[in-house]
Amino acid sequence: MNAPRYLSVSILNTYIHNVFVAEELLHDIDVVGEVSGISVVRGHAYFTLKDRDAQIACNSFNCSKTYLPKNGELIIVRGSVSYYGKNGKLSLNADMITPYGAGLLALKLEELKNKLAKEGIFDASHKKPLPAYPSEVCVLTSTTGAVIRDIITTVRRYNDIIDINVYGVQVQGENSAASIVKALEVTDKLGFDVIIIARGGGSAEDLMPFNDEALVRSVYAAKTPVISAVGHETDYTLCDLVADVRAATPTAAAELVAYDLAEIKRYLADFAVSAKRTLAEKVRQSSGRLSMTAARMLSAATALASAANASLGIAAGAMTSAVGSLYKAKFSKYEKSLLSLSAANPVSILEKGFFTVNKGETRIKEVSELSAGDKITINSKGGSATAAVESVKINDAGIPAKTAGGK
């Protein structure tokens, strides 16, 4: 006979517990229901969450960390289903409890946040840097609240030259998001250095306009850097996430744009002193280098002048020698020419006792040019005489002499 097959209660309950642990669909779920029989024991809340057709036991451990509901209140419980093996009890362990209205709002806000995040609306790569020294700042806020006074007071404590322009908007209520969107679209085209969207603290419902999708997209599309200064330091809105810079408070936003003018003046004064000292040192160093360069240039110029002078002396000597030789040669040639001319000069010939003979205006060079009977003029150094040719005799040709009246 086969032994009976059975499970112990512990094994069964442990198995069921592990099934619930392993089932992901039973973790981090949101369940809506009405609170019944709530009690708080040693800091833990125990109650039943029910609707018209069913109910489930709920536990909220360390309930001071979440919302503590009242009997009959409609709530949303975010938590995980658990099976406690020791007593075989199924329960919903609450991690967070929110009133039903606020809970739905939170869920919708979370869905919008996730949607915009997937589009890259909140990415740091799209954020614009703030200018270091803005001169024109625009503040979108209520003109009657304390926020704008705090911003102006803070800015003026550091700086009295920044121009603060206030554009009044509705910061609370049904139409506030649309009011801010319209104002942002207008001021983004006016050439401001920075735009601050500011509002003081308030409840989650008061700050809901700053989670508006149209406002978030308007801030994302703005060309001007935008600072979001909404609520208190612990408050976060979608406007904070999309803005180029998030300031914890409006006062903190004012400190971001209000650069310390006195500190800049001190810096500039110190810089001027340092620059003057640096410039004087550079002038001194440059003057020394200039003096050294001038000395080297003078030395080089002197050496070049000496070398050029020596070369010029050598060239002048060579030219003098060449001119002298040329002069001597030309003078010698000139003297020879003078001697030749002197020898050919008729006066010189006459001075030696020779005569010249002219027939009329023609100088007679050969006897053959004369005929008997020609009248001639005989010239000497001392004077001249006129004569008539009686006869002509040409000795070297063997021709008979011509006589006056002869044949």
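Look up: the structure comes first, before these words.
Remember, it's a predicted structure, so these values are computed and weren't measured experimentally. (Residues numbered from 1 in each chain as written. Predicted model: local features only at pLDDT ≥ 70, side-chain atom pairs only at ≥ 80, totals over all residues. Heavy atoms only, no water.)

So what's going on with helix H7 (residues 250-257)? Which residues, and what values?
Every buried residue of H7 is listed here: Pro-250, Ala-253, Ala-254 and Val-257. Axial view of H7: buried residues confined to an arc of 100°, hence all on one face. Looking at the buried side of H7, the elements it contacts are strand S6 (136-141), helix H3 (146-158), strand S8 (194-199) and strand S9 (226-230). (Buried < 20%, exposed > 50% of the residue type's maximum accessible area, 1.4 Å probe, protein only. Helix = DSSP H or I, 4+ residues; strand = E, 2+ residues; numbered from the N terminus. Arc of directions from axis to C-beta. Contact = heavy atoms within 4.5 Å.)

Tell me about the pairing of S6, and name the residues and values.
With five of its six residues buried, S6 lies for the most part within the structure. With six bridges connecting them, S6 and strand S7 (residues 163-168) associate as parallel partners. Looking at S7, one finds that Val-137 is bridged to Ile-164. The parallel pair S6 and S7, bridged by H3, forms a crossover whose chirality is right-handed. Relative to S8, S6 runs parallel, the two sharing four bridges. Bridge pairing in S8 links Cys-138 to Ile-195. (Pairing = 2+ DSSP bridges. Right-handed = clockwise from strand over helix to strand, strands pointing away.)

Requested: an account of the packing of aromatic side chains, with residues and values cited.
Applying the stated criterion to the full structure yields three aromatic pairs. Ring geometry for Tyr-133 against Tyr-259: centres 5.1 Å apart, planes inclined by 90°, an arrangement best described as edge-to-face. Of this pair, Tyr-133 sits in the loop between helix H2 (100-118) and S6 while Tyr-259 sits in the loop between H7 and helix H8 (261-344), and the two are 126 residues apart along the sequence. With a relative accessible area of 56%, Tyr-133 lands in the exposed category. The class for Tyr-259 is buried, based on a relative accessible area of 14%. The ring centre of Tyr-236 lies 3.9 Å from the NZ or CZ of Arg-246, which sits over that ring. (Phe/Tyr/Trp six-rings, centres within 6.5 Å; stacked < 30°, edge-to-face > 60°. Lys NZ or Arg CZ within 6 Å of the ring centre and 35° of its normal.)

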